[in-house]
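Coordinate analysis (summary)
Residue-level listing of the chains:
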Amino acid sequence: MGKRMFQIRLNNSITIILCCFSSSFLFSQKEVKAHHGLTLQMHHYVGDKVLVLDDSTYTNSLGQAYTISKLNYYIGNIRLTRKDGKEFLLQNYFFISEDEEKTASKSIFIDKIPEGEYTSIQFLLGVDSLHNCSGAQSGALDPINAMFWTWNTGYIFLKLEGKSPVSKEPGHTIEYHIGGYKQPSNCIRTISLKFETPLVIAKKTNVTVNLKADVSELLKTPTTIDFTKLPVVNNALNATTIADNYVDMFQSMK
Amino acid sequence: MKSRTRIFFSIFVVSAMFLSFVNNDDPYYSISKKDVKLVLPKNFPKPYYTFENNKLTPEVFLLGRELFYDEILSKDRTVSCGSCHQRIAAFSHIDHTLSHGIYGRMGNRNIPSLQNLIWNNTFMWDGGVNHLEVQPIGPITNPLEMDETMEAVILKLQKSEKFKPLFQKAYSDPLINSERMLKALTQFVGLMISNHSKYDKYLVGKAEFTPQEENGLKLFRAKCASCHTEPLFTDNSFKNNGLISDSSLHDIGRGAITRKNEDNYLYKVPTLRNIEMTYPYMHDGRFSKLKDVLNYYGTTTNHTTNQDPLISKIGVLTPEEKKDILAFLLTLTDREFLNDRRFADPNMGQKNK
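Bear in mind the structure is a predicted one, so any value in this text is a computation, not a measurement.

Definitions and limits used
Residues numbered from 1 in each chain as written. Chains lettered and ligands numbered in written order. Predicted model: local features only at pLDDT ≥ 70, side-chain atom pairs only at ≥ 80, totals over all residues. Heavy atoms only, no water. Core = buried A, V, L, I, M, F, W, Y, C linked by side-chain atoms within 4.5 Å. Buried < 20%, exposed > 50% of the residue type's maximum accessible area, 1.4 Å probe, protein only. Helix = DSSP H or I, 4+ residues; strand = E, 2+ residues; numbered from the N terminus. Contact = heavy atoms within 4.5 Å. Pairing = 2+ DSSP bridges. Salt bridge = Lys/Arg side-chain N within 4 Å of Asp/Glu carboxyl O. Buried area = accessible area lost by both parts, 1.4 Å probe. Polar contact = N/O pair within 3.5 Å; in protein donor to acceptor, adjacent residues only side chain to side chain. Nonpolar A, V, L, I, M, F, W, Y, C, P; charged D, E, K, R; others polar.

**Notes on the nonpolar core**
- Residues Tyr246(A) and Met181(B) are the most contacted members of the largest nonpolar core, which totals 122 residues.
- For this core, the leading source of residues is strand E7 (residues 65-82) of chain A, giving eight residues.
- When residues no more than four places from it in sequence are discounted, the contact partners of Met181(B) are Leu67(B), Leu73(B), Ile140(B), Met150(B), Val153(B), Ile154(B), Leu157(B) and Phe167(B).
- In terms of nonpolar packing, the next biggest core, distinct from the first, is built from 26 residues, Cys224(B), Ala225(B), Ile275(B) and Tyr281(B) among them.

Pasting the structure below:
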């Protein structure tokens, strides 16, 4: 696996670091040569409101108020399926963060996608077991992102932090650090989304796919999270409950 | 005039100190290509860590050694890896039952030795760490140990006049990131290989055992080697050797990692190489002498209800048997390893002055 680091500067505010650039193409080499770009843009919401860190108060389905101070997560193994059934796979990981002060971003640029009409997108929320067992890594998976457990090796897939007045934790904290690649606490989830209208990748064009991630979904269906009972999840215990909740957190906006 | 000499003198001292950081010229501390050649002992199994993606070079090894012995990795710059892992103790810590970290904070486990690590498939007493390269992130970020963030450590290294040239030399470009830091540390600790004890020489006919040592080996093979398996003296498994846990430490061992009740109070079978030097013993350092360990194993067949069945098989040991096993355990001391100049702290001379 050739490890190289690509740093693509889209504009001043967005820097994307791609690590382990080893996208494997399930297409013939000829098709791959004519390449075109796709930007995946994440939009973070709480229900139908745009997520604002710290300053906005939201209410969960139990009527409990809360604020959000941090939202970070990993997505990877992005797979696009073309009408003819062929798949384009990018085996990289991306660190997505709502935090403007981090070298992470809310958009992912994908290069070299073969032309055609694509009907669906799939990706992992989390980091697969291979990358959890590969030792020191750089780029998105650099442990300086503080998305890493040291006492029980593994990446933290998602961090959601905030406050709720009903939480009995010090400072009324609510904190969900979700990770775990081993059974029975495997929190890797595959997100599958159909495009309402097929996504057309054509020569020399760049398209944008807007994805909505709804934080309130993380806290409900199938399990409603009661901040008085489960204000903190920071190890494998209960993590799968949240993981089962985040499967339906994403929606295609186009 | 007087003050000028003083200034001159202090400049001299400062530059001497600076130069002494990297003692490449001192033959005792210098590292050659030969020094970083991985020599796998013939009777050892295949190692788990192969340096395949971390090519051994003298420059990277040297960087690793400087990182290991530099307090820059801790928040208040008082603790280095080497403050806990002492060379003369096979990189464990003599006398401390539990580890002491930054601000004198006490950890909840005894410091294990660092040797033959590339043959370990998991690390720590509970096996929570799955790869040698990521192991250092643990102590660096643990509030009870070095209490620093990875981000801050990398920033400090990027600004360090000492480390900038060391990274440049090691990687032929100036990039300083966590991957390079971790891989350099891994080269340093990964080459800590102990296989020159009297026992090793005895195996290949280069040393003779006394009758007592010989009998000790026989007893050891019958009673202990099922867990402390030769030649590494561990089978890398997790076992309950019957110790009643000290509830004040809130330590349930392997169970905290696997979340299986049956794994509670299981600990990694530790290697017994250099056991003479790695006292105190057990995950909580409860025994200060090997005598205590042998008395423990040899007094009764029933320590706890959930002890491993192999522990009951040890049976009661007679005083002679204990003495013989002890004599054998002392043949595992590897002076070549304990005195290996490659692993010595290059700043030590300066610090002692």
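After that view, the rundown keeps rolling.
**Digging into the environment of Leu38(B)**
All names here are of chain B.
- Its location among the elements puts Leu38 in the loop between helix H1 (2-21) and helix H2 (58-68).
- Linking Leu38 and Ile193, residues 155 residues apart in sequence, is a C-alpha distance of 9.3 Å.
- With sequence-adjacent residues up to four places away left out, Leu38 is seen in contact with Phe51, Leu56, Ile118, Leu191 and Ile193.

**Looking at the pairing of E7(A)**
Residues and elements named next belong to chain A.
- Counting buried positions along E7 gives 14 out of 18 residues, so the element sits mostly inside the fold.
- Where strand E6 (residues 58-59) lies against E7, two bridges are found, and the strand directions are antiparallel. Looking across to E7, one finds that Tyr58 is bridged to Tyr66.
- The hairpin turn running from E6 into E7, its antiparallel successor, is five residues long, and Gly63 in that turn takes a positive phi close to 80 degrees.
- Both E7 and strand E12 (residues 154-163) contribute to a ladder of six bridges, which runs antiparallel. Residue pairing for E12: Ile68 is matched across the bridge by Gly162.
- When E7 meets strand E8 (residues 87-97), the two strands line up antiparallel, connected through nine bridges. Within E8, the position partnered with Ile75 by the bridge is Phe94.
- Once E7 ends, the chain turns through four residues before running back antiparallel as E8, passing Gly85 with a positive phi of about 90 degrees.

**Some details on the environment of Met249(A)**
Residues and elements named next belong to chain A.
- For Met249, the location among the structural elements is in the loop between helix H4 (239-246) and strand E17 (250-252).
- Met249 sits in the buried class, given a relative accessible area of 1%.
- Separated by 97 residues in sequence, Met249 and Asn152 have C-alpha atoms that sit 27 Å apart.
- Discounting chain neighbours no more than four positions away, the residues touching Met249 are Leu158, Lys212, Ala213, Asp214, Glu217 and Leu218.

**Points about the pattern of salt bridges**
Residue and element names in this part refer to chain B.
- All chains considered together, the criterion is met by 24 salt bridges over all chains.
- Measuring nitrogen to oxygen at the nearest pair gives 2.8 Å for the salt bridge that ties Asp340 to Arg342. As far as the burial class goes, Asp340 and Arg342 line up, both buried.

**Let's talk about H2(B)**
- With 10 of its 11 residues buried, H2(B) lies for the most part within the structure.
- When H2(B) is considered as a whole, its buried residues turn out to be Pro58(B), Val60(B), Phe61(B), Leu62(B), Leu63(B), Gly64(B), Arg65(B), Glu66(B), Leu67(B) and Phe68(B).

**Notes on the interface of chain B and chain A**
- Between chain B and chain A, the contact holds 22 residues from the first and 22 residues from the second.
- Together, Asn130(B), Glu179(B) and Arg259(B) form the three largest contributors to the area buried by chain B at its contact with chain A, with a combined 31%.
- Taken together, chain B and chain A are joined by zero salt bridges.
- At the junction of chain B with chain A, the criterion picks out seven residue pairs in polar contact (both at pLDDT 80 or more).
- Looking at the side of chain B that touches chain A, the elements with two or more residues in it are helix H4 (137-141), helix H5 (150-159), helix H7 (178-190) and helix H10 (255-258) of chain B.
- Per-element tally for the side of chain B that touches chain A: the top contributor is H7(B), with four residues.
- Its residues placed into classes, the side of chain B that touches chain A shows eight nonpolar, eight polar and six charged.

**A look at the side chain of Asn245(A)**
All names here are of chain A.
- With respect to the element layout, Asn245 can be found in helix H4.
- Assessed through its relative accessible area of 0%, Asn245 is described here as buried.
- Within polar-contact distance, the side chain of Asn245 engages the backbone oxygen of Leu218 at 3.1 Å.
- If near-sequence neighbours (up to four positions away) are discounted, Asn245 is found in contact with Glu217, Leu218, Leu219, Lys220, Thr221, Pro222, Thr223 and Ile225.

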